[in-house]
Amino acid sequence: DTAVSQTPKYLVTQMGNDKSIKCEQNLGHDTMYWYKQDSKKFLKIMFSYNNKELIINETVPNRFSPKSPDKAHLNLHINSLELGDSAVYFCASSQDGAGGQPQHFGDGTRLSIL
Amino acid sequence: GNSVTQMEGPVTLSEEAFLTINCTYTATGYPSLFWYVQYPGEGLQLLLKATKADDKGSNKGFEATYRKETTSFHLEKGSVQVSDSAVYFCALSEWQAGTALIFGKGTTLSVSS
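Residues numbered from 1 in each chain as written. Chains lettered and ligands numbered in written order. Predicted model: local features only at pLDDT ≥ 70, side-chain atom pairs only at ≥ 80, totals over all residues. Heavy atoms only, no water.

Attention shifts here to the pairing of strand β8 (residues 62–65) of chain B. All names here are of chain B. As defined by bridge partners, strand β7 (residues 56–59) adjoins β8 across four bridges and the pair is classed as antiparallel. By the bridge assignment for β8, K56 is matched with T65. Summarising the sheet, β8 and strand β9 (residues 75–77) pair through two bridges and their orientation is antiparallel. Of the residues in β9, the one forming a bridge with F62 is K77. (Pairing = 2+ DSSP bridges. Helix = DSSP H or I, 4+ residues; strand = E, 2+ residues; numbered from the N terminus.)

The next point concerns the nonpolar core. As a rule of thumb, nonpolar side chains are buried together in soluble globular proteins. Counting 26 residues, the largest nonpolar core has L19, W35, L48, F73, L75 and Y88 of chain B as its most contacted members. Those elements giving two or more residues to this core turn out to be β2 (11–14), β3 (19–21), β4 (23–26), β5 (32–38), β6 (44–50), β8, β10 (86–93) and β12 (107–112) of chain B. Apart from the residues within four sequence positions on either side, L48 of chain B is in contact with L33, F34, W35, G57, S58, N59, F62, E63, A64, F73 and L75 of chain B. Core analysis: the next-biggest nonpolar cluster, separate from the first, contains 19 residues, W34, F64, L76 and Y89 of chain A among them. (Core = buried A, V, L, I, M, F, W, Y, C linked by side-chain atoms within 4.5 Å. Buried < 20%, exposed > 50% of the residue type's maximum accessible area, 1.4 Å probe, protein only. Contact = heavy atoms within 4.5 Å.)

Our next topic: the sheet that holds strand β7 (residues 64–70) of chain A. All names here are of chain A. Strand order in the open sheet made by the four strands is β1-β3-β8-β7, with antiparallel pairing throughout. This sheet does not close on itself; its edge strands, each paired only once, are β1 (4–7) and β7. Strand after strand, the sheet turns through a mean of 20 degrees between neighbouring axes, direction not considered. Summarising the sheet, β1 and strand β3 (residues 19–25) pair through four bridges and their orientation is antiparallel. (Axes fitted to C-alpha atoms, helices over the stretch in contact; angles between N-to-C directions.)

The subject of this paragraph is the interface of chain A and chain B. On the side of chain B, 25 residues touch chain A, which itself brings 22 residues to the contact. For the pair chain A and chain B, the two sides together bury roughly 1,700 Å², of which 60% comes from carbon and sulfur. Put simply, chain A and chain B have zero salt bridges between them. The interface formed by chain A and chain B contains five residue pairs in polar contact (both at pLDDT 80 or more). Mapped onto the side of chain A that touches chain B, the elements with two or more residues apiece are β4 (31–37), β5 (43–50) and β6 (53–57) of chain A. Tallying contributions element by element places β4 of chain A first for the side of chain A that touches chain B, with three residues. Here the residues of the side of chain A that touches chain B sort into eleven nonpolar, seven polar and four charged. (Buried area = accessible area lost by both parts, 1.4 Å probe. Salt bridge = Lys/Arg side-chain N within 4 Å of Asp/Glu carboxyl O. Polar contact = N/O pair within 3.5 Å; in protein donor to acceptor, adjacent residues only side chain to side chain. Nonpolar A, V, L, I, M, F, W, Y, C, P; charged D, E, K, R; others polar.)

What follows deals with the pairing of β2 of chain B. The side chains of a regular strand alternate between the sheet's two faces. All names here are of chain B. Burial along β2 is one-sided: the residues V11 and L13 are buried and none of T12 and S14 is. Where β2 and β12 come together, four bridges link them in parallel fashion. Across the sheet, the residue bridging to L13 is V111, located in β12.

Let's shift gears to the sheet that holds β9 of chain B. The pairing of strands in a sheet happens through backbone hydrogen bonds and is either parallel or antiparallel. Residue and element names in this part refer to chain B. The strand order across the open sheet built from four strands is β3-β9-β8-β7, with neighbouring strands paired in antiparallel fashion. The sheet is open, and its two borders are formed by β3 and β7, each paired with just one other strand. Averaged over all neighbouring strand pairs, the angle between strand axes comes to 15 degrees, with direction disregarded. Direction of pairing for β3 relative to β9: antiparallel, over a ladder of three bridges. Its bridge partner lying in β9, T20 is registered against E76.

The next thing to look at is the state of the cysteines. Evaluated as defined, the whole model comprises two disulfides over all chains. At a sulfur-sulfur separation of 1.9 Å, the disulfide partner of C23 of chain A is C91 of chain A. Given an S-S torsion of about -80 degrees, the disulfide between C23 of chain A and C91 of chain A has left-handed geometry. Placement of the pair is C23 of chain A in strand β3 and C91 of chain A in strand β9 (residues 87–94), with a sequence separation of 68 residues. Exposure class is identical for C23 of chain A and C91 of chain A. Each is buried. At a sulfur-sulfur separation of 1.9 Å, the disulfide partner of C23 of chain B is C90 of chain B. (Disulfide = S-S within 2.5 Å.)

Have a look at this one:
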């Protein structure tokens, strides 16, 4: 029944490793997003896809690579993890990406780099 | 560029007190405005929204009015409950397709009985 689901919920790993976070939405939405929430709870957009096409790519290190196999899924792969990557990553979706539409968020993935 | 400014927290209130969390925005166009709430360990949930000037969004006793003249969208509730303890985020998005949410820094509300 979960509208936007992310896995894993927690991810603890060492510096230099490569990891992926998966996101799936069952709302039939066309647009999906990745946001990063830092330790002070500040939220910032990273990427957005509309119907599998990348439409927002903020200033994010190219170690971060989103992939959308279909419009219901948006995964985030991170190479060569660094201490500064520790954060909570949220996936979200909206109907078709138009500005007035609310976005539906997953419960987040807490990434901790040792 | 577009931005959202929220009052600094934390805000600490007793049950049944009146709540105001201030939010002002800067935008080049005609944004939609939102309040989201984040309970501990959870994702963000939409609390209310307004898409044009003078619209009032309301939900669960919370309300906020889109004021274009003061570029504000302050959140209010007449009588808070312990269960309202959470982090509240004000956010905006522009009208065009493909836009993302721009968030304020969040305000932590703690309500005691």
